[in-house]
Amino acid sequence: MKRLRAFCLLLALAVVCTVGLLPEVNASAAETPTSLGFAAHGIKAHRDGWLYVYGGKGEVISGKVRGSDCAGLLYAYFSDVGALGNCRGGATTQVEDNCVFSNDISEGIPNIHGLALTMPDYHDPGSGIYGHIGIYIGNNEAADNSDTNYNMRREPVIGSDRNWNAWHVFDNGMKYPVDGWYQLDGKMVHYTRYEYDVNTTIDGYRLGSDGYACDETGKPAPVNTAILSTQYASATQVASYLRTKYSGRDSTYELIYGGTPDPAPGYNGRVTGSEVRLRQAANTSSGIVTVLSRGSSVNILEEVTGETISGNGTSTNKWYSVVTANGQSGYICSLYVERLSDVSPTAAPVIKAANGYVTITAAPGMDIYYTTDCSTPTELSTPYTAPVYLTGYTFKAIAVGNGVKTPVATATVLSNSSVFTDFTTKSWYFPVVDQAVSDQIFRGAGDGTFHPTEKITRAQFVMALANLDRADLSLYEGGTSFSDLAGLDARTKLAVSWASEHGYVTGAGNGTFRPLDPISREQMCTILARYAGLERDDSSPRFADDGQISAWARDAVYACRDKELISGIGNNRFDPRGTASRAEACVVTTNLYHSKDVPVSQ
């Protein structure tokens, strides 16, 4: 596989769901806006070369070429099908007025064409928290009218340098496929329980990782109109299904405001849903006082018992009597509002980063102080007042208020805005870990830690090499003959299959790979030499412990030393049977990734 510095990471989430939701209605794409039509609209706009025009809504600019801005691209679809409804305004307005479910992209994207995608507005969040909006066209791709430099773009969502953060179920009367075959952009796709299928065979048609039906030659299968489904469901029903799989968390406010939008003075609650109805009584049959947007400030007066409401995977009869920042009184189910005072004033601050901005949050009413030189912060340190544009530093923070001083929070922010809590910039390995994570060769453990000093296992090293190679691991789902891979996650199993098929690894004997064993230094060199096609220089001087290097690894060890990928441990010793830490593996792999002398495909 060729190593590509700019690469597309295909995301294929094939889901089999047993949630008993039945389709609400049947709809026709010719009469009603559908998510498939929405996705096709984005694909066609890119194909037709729409131009970026600030404030544009799909008007013809020249000849047959149309123009729009990001929100105007979405507006144009509903306008084109004659169902404009409530689709108007910019990115924030469209999300707050028309989207019924939102979720962070970090939790993955469901296999649903025609979702809306957004980016946070770090530059002018006062005018709306979403700075950009686009259309999810499936197969981990977005279509959006970006700006005057790029115009229409069709690029990956996950695995690119774009700043997509959240996805949303767009309503405005739009219908979504349920079960069966459907048409998208002149091709066939198959949905099962609200999500399109991938990497399977249905009714004799092969569905690839992109979800499109193919014939025996691998070409898109002709559309068979006789088998196309007419079952469509509302956005509300799709949202109910997604609540069984996703948290419903949209961290956009957190990213740009440091955890929460600033509540209005004297208000102790915040609305957590979109288009939340403020009711005259604690039930859904009472009149609507007003409709509140996500993030609206309210003052929670008391808790009351009301109608049982289901949502977000739970049910409750707890409602709150509230007053809005505009002075309107009413009731909101507790599923859609949170008490800001529930945050513990004794908890250490939370440090996060995104797109170069570092945010620090603590309980309401607490003053935050921080340092960036690894020193312990005090009340004389720098006060935190807004997101800080700074990476490559270790932030330490405390919060002070109401006679309480919190413990110190520590987080090291890498150059790509990744945050780790288990090392600082004073650690010798900080630069190499920073480089390896920025190069997307290594990633953390998912809990904010990197474990730099832990021994790296054989499976972890192979996974890092696959990341370095930008290997399309979906091509290796056939597996290997190794019998001891059961304890690995799915992606690491595929990485071992990739390495085995290419001959980079040969196993540990008896049909095993021993994936959880720490990798030895000579094993690491052997895998690297096979991968990069390295050969030893016959004039290479020997290590003092040359006799301890296994015969099968000797040429590989010296080849890696000749190319400056690895060095000894001092006193001209190599320590071939010694193990390597994750930080040391970062050194070796980044040396390979950035080497100008190593013949690896670019």
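Since we're looking at a predicted model, the values are computed, not measured.

**Some thoughts on the sheet that holds strand 15 (residues 200-202)**
Piece 1. If you walk across this open sheet you meet the three strands as 15-16-17, and the pairing is antiparallel. The open sheet terminates on both sides in strands that have one partner only, identified here as strand 15 and strand 17 (213-214).
Piece 2. Here strand 16 (residues 205-207) pairs with strand 17 via two bridges, running antiparallel. Looking at the pairing, Arg-206 lines up with Cys-214 of strand 17.

**Some thoughts on the pattern of salt bridges**
Piece 1. Applying the stated criterion across every chain yields a total of 17 salt bridges.
Piece 2. As a salt-bridge pair, Glu-338 and Arg-270 come within 2.2 Å of each other at their nearest N and O atoms. In this pair, Glu-338 is assigned in strand 25 (residues 337-339) and Arg-270 in strand 19 (residues 269-271), connecting sequence segments 68 residues apart.
Piece 3. The class for Arg-270 is buried, based on a relative accessible area of 9%.
Piece 4. Taking the shortest distance from any N to any O, the salt bridge between Asp-546 and Arg-554 comes out at 3.3 Å.
Piece 5. Within the structure, one salt-bridge network assembled from shared partners comprises Asp-144, Arg-153, Glu-155 and Arg-162.

**So, the environment of Cys-560**
Piece 1. Of note, Cys-560 is situated in helix 10 (residues 554-562).
Piece 2. Taking the C-alpha atoms as reference, Cys-560 lies 7.6 Å from Leu-528; in sequence the two are 32 residues apart.
Piece 3. Beyond its immediate stretch of four places on either side in the chain, Cys-560 contacts Cys-525, Leu-528, Ala-529, Leu-534, Leu-565 and Ile-566.

**A few points about the nonpolar core**
Piece 1. One finds Trp-167, Val-169, Phe-170 and Leu-242 to be the most contacted residues of the largest nonpolar core, which totals 65 residues.
Piece 2. In terms of residues, this core owes the most to one element, helix 2 (residues 70-80), which gives eight residues.
Piece 3. Non-local contacts of Val-169, meaning those with residues more than four positions away in its chain, are made with Asn-98, Cys-99, Val-100, Phe-101, Leu-115, Tyr-176, Ala-235, Val-238 and Leu-242.
Piece 4. Judged by nonpolar contacts, the second largest core, of 62 residues, contains Ala-471, Phe-513, Ala-532 and Ala-553.

**Description of the confidence of the model for the protein chain**
Piece 1. When the pLDDT values of the protein chain are averaged, the result is 86; 90% of them are 70 or greater.
Piece 2. Contacts for the low-pLDDT stretch residues 1-30, under 50 throughout, to residues beyond four places or in other chains number 84 contacts.
Piece 3. Throughout residues 260-265 the model reports pLDDT below 50, and contacts reaching past four residues in sequence, or to other chains, amount to eleven contacts.

**What to know about the sheet that holds strand 27 (residues 357-361)**
Piece 1. Read across the sheet, three strands follow the order 26-27-30 without closing on themselves; strand pairing throughout is antiparallel. Of all strands in the sheet, those with a lone pairing partner are strand 26 (350-354) and strand 30 (388-389), marking the two edges.
Piece 2. Where strand 27 and strand 30 come together, two bridges link them in antiparallel fashion. When the sheet's bridge partners are listed, Tyr-357 is paired in strand 30 with Tyr-389.

**Some words on the packing of helix 7 (residues 458-469) against helix 8 (residues 490-501)**
Piece 1. Between helix 7 and helix 8, whose axes approach to 9 Å, the crossing angle comes to 75°. Compared by their axis directions, helix 7 and helix 8 come out roughly perpendicular. Contacts between helix 7 and helix 8 involve Ala-459, Val-462, Met-463, Leu-465, Ala-466, Asn-467 and Asp-469 from the former and Arg-491, Thr-492, Ala-495, Val-496, Trp-498 and Ala-499 from the latter.
Piece 2. Residues of the contact of helix 7 with helix 8, tallied by class, amount to nine nonpolar, two polar and two charged.

**So, the packing of aromatic side chains**
Piece 1. Counted according to the given criterion, the structure contains 27 aromatic pairs.
Piece 2. Taking the centre distance of 5.4 Å and the plane angle of 50° together, the rings of Phe-38 and Tyr-77 count as tilted. You can see Phe-38 sitting in helix 1 (residues 35-48) and its partner Tyr-77 sitting in helix 2, a full 39 residues away along the chain.
Piece 3. Phe-38 sits in the buried class, given a relative accessible area of 0%.
Piece 4. Residue classification places Tyr-77 among the buried residues on the basis of a relative accessible area of 6%.
Piece 5. Measuring from centroid to centroid gives 5.6 Å for Phe-38 and Phe-78, while their planes differ by 50°, and the two rings are tilted. Taken as a pair, Phe-38 in helix 1 and Phe-78 in helix 2 lie far apart in primary sequence, 40 residues in all. Here Phe-38 and Phe-78 have matching classes, each one buried.
Piece 6. Each member of the aromatic cluster is reached from another via a ring pair, and the members are Phe-420, Phe-423, Trp-428, Tyr-429, Phe-442 and Phe-450.

Parameters and conventions
Residues numbered from 1 in each chain as written. Predicted model: local features only at pLDDT ≥ 70, side-chain atom pairs only at ≥ 80, totals over all residues. Heavy atoms only, no water. Pairing = 2+ DSSP bridges. Helix = DSSP H or I, 4+ residues; strand = E, 2+ residues; numbered from the N terminus. Salt bridge = Lys/Arg side-chain N within 4 Å of Asp/Glu carboxyl O. Buried < 20%, exposed > 50% of the residue type's maximum accessible area, 1.4 Å probe, protein only. Contact = heavy atoms within 4.5 Å. Core = buried A, V, L, I, M, F, W, Y, C linked by side-chain atoms within 4.5 Å. pLDDT = per-residue confidence, 0-100. Axes fitted to C-alpha atoms, helices over the stretch in contact; angles between N-to-C directions. Parallel < 35°, antiparallel > 145°, perpendicular 65-115°, else oblique. Nonpolar A, V, L, I, M, F, W, Y, C, P; charged D, E, K, R; others polar. Phe/Tyr/Trp six-rings, centres within 6.5 Å; stacked < 30°, edge-to-face > 60°.

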